Amino acid sequence: MLQEHAKIVQFVSLASEVNGRKKMQKMVYILKKMNFPFVEKYELHMYGPYSEELTLRVEELCEMGFLAERFEDKGSYKQYCYQVTDEGSMFLNTAEEPRTQLPDCIERLNSKSSRFLELVSTLLFFDQLDKEQQIAKVRIVKNKLNFTEQEMDQAFEFIEELQELSAG
């Protein structure tokens, strides 16, 4: 019954810690696009793909004591950090064994900035389009972020790396 909750706890456990709600949203979305078995539905939102389901699931996991949410005031912004609790580690026994590529993918994603993951996830949101159309869409929906050509190239390279890695 709580299998989808267990996948989120497993995800945070494999990441050791996830710094930021936005980063968590983008990481799970990108993993889903890499065919890892996350079921949360996403829609395009202010900061790229967003899942209300994931937000609610994380809140429930915090209420159940399986995830610890730590609030950090960074001055110009506030950030929530997530870690698995001892109870969450015991709950992990209910999770299915992850695909062998999942830890490496999570590590690569977690090493990137939220801004970069926002670009990658937004490009993936439009992955049914060709590359030039994807870039054009991102320039429209993310015009305030002024992504450079270099950032776009890095994002496409990163997507390719993840696709190869996740394919095993």
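Each remark here, short or long, concerns the structure printed above.
In this report, the structure presented in the accompanying data block is examined. Because the structure is predicted, anything quoted here is derived from the model rather than measured.

1. What to know about the overall build of the chain
No. 1: Secondary structure summary: the chain contains eight helices and five strands in total.
No. 2: Moving toward the C terminus, one meets the helices and strands of the chain in the order α-β-α-β-β-α-β-β-α-α-α-α-α.
No. 3: Expressed as lengths along the three principal axes of its C-alpha atoms, the size of the chain is roughly 45 × 40 × 25 Å.
No. 4: Counting all 168 residues of the chain, 43% fall into the buried class.
No. 5: Once local pairs closer than 6 in sequence are excluded, the contacts in the chain between residues at least 24 apart make up 66%.

2. Focus: the nonpolar core
No. 1: One finds F11, M24, I30, L31, L109, V120 and L123 to be the most contacted residues of the largest nonpolar core, which totals 46 residues.
No. 2: Among the elements of the structure, α1 (3-15), α2 (21-33), α3 (52-63), α5 (102-110), α6 (114-125), α7 (131-141) and α8 (149-167) are those that each provide at least two residues to this core.
No. 3: A per-element tally of this core places α8 first, with seven residues.
No. 4: If near-sequence neighbours (up to four positions away) are discounted, L123 is found in contact with Q134, I135, V138, M152, A155, F156 and I159.

3. Remarks on the environment of V84
No. 1: Mapped onto the elements of the fold, V84 is located in strand β5 (residues 78-84).
No. 2: On a C-alpha basis, the gap between V84 and I8 in space is 9.9 Å, while along the polypeptide they are 76 residues apart.
No. 3: When near neighbours in sequence (up to four residues on either side) are disregarded, V84 contacts V9, V12, S13, F66, L67 and S89.

4. Some words on unusual backbone geometry
No. 1: In the Ramachandran plot, S16 falls in the positive-phi region, its phi being about 70° despite a non-glycine side chain.
No. 2: Residue position: S16 is located in the loop between α1 and β1 (18-19).

5. Some points on α2
One turn of the α-helix equals 3.6 residues, which is why residues spaced by three or four share an orientation.
No. 1: Taking 1.5 Å per residue, 13 residues should reach 18 Å; α2 reaches 18 Å between its end C-alpha atoms and fits that length.
No. 2: Within α2, the full set of buried residues consists of K23, M24, Q25, K26, M27, V28, Y29, I30 and L31.
No. 3: Backbone geometry just after α2 places N35 at a positive phi near 70°.

6. Here's the deal with the pattern of salt bridges
No. 1: This structure, assessed with the given rule, holds twelve salt bridges.
No. 2: A salt bridge links E4 to K7; its shortest N-O distance comes to 3.1 Å. Residue E4 and its partner K7 are both found in helix α1; the two are separated by three residues, about one turn of the helix.
No. 3: Exposure remark for K7: the relative accessible area of 14% places this residue in the buried category.
No. 4: Two residues, D127 and K33, come together in a salt bridge whose shortest N-O distance is 3.1 Å. Placement of the pair is D127 in the loop between α6 and α7 and K33 in helix α2, with a sequence separation of 94 residues.
No. 5: Given a relative accessible area of 38%, D127 falls into the partly exposed group.
No. 6: Members of the salt-bridge network, linked through shared partners, are E17, R70 and E72.

Basis of the calculations
Residues numbered from 1 in each chain as written. Predicted model: local features only at pLDDT ≥ 70, side-chain atom pairs only at ≥ 80, totals over all residues. Heavy atoms only, no water. Helix = DSSP H or I, 4+ residues; strand = E, 2+ residues; numbered from the N terminus. Buried < 20%, exposed > 50% of the residue type's maximum accessible area, 1.4 Å probe, protein only. Contact = heavy atoms within 4.5 Å. Core = buried A, V, L, I, M, F, W, Y, C linked by side-chain atoms within 4.5 Å. Expected span 1.5 Å × (residues − 1). Salt bridge = Lys/Arg side-chain N within 4 Å of Asp/Glu carboxyl O.

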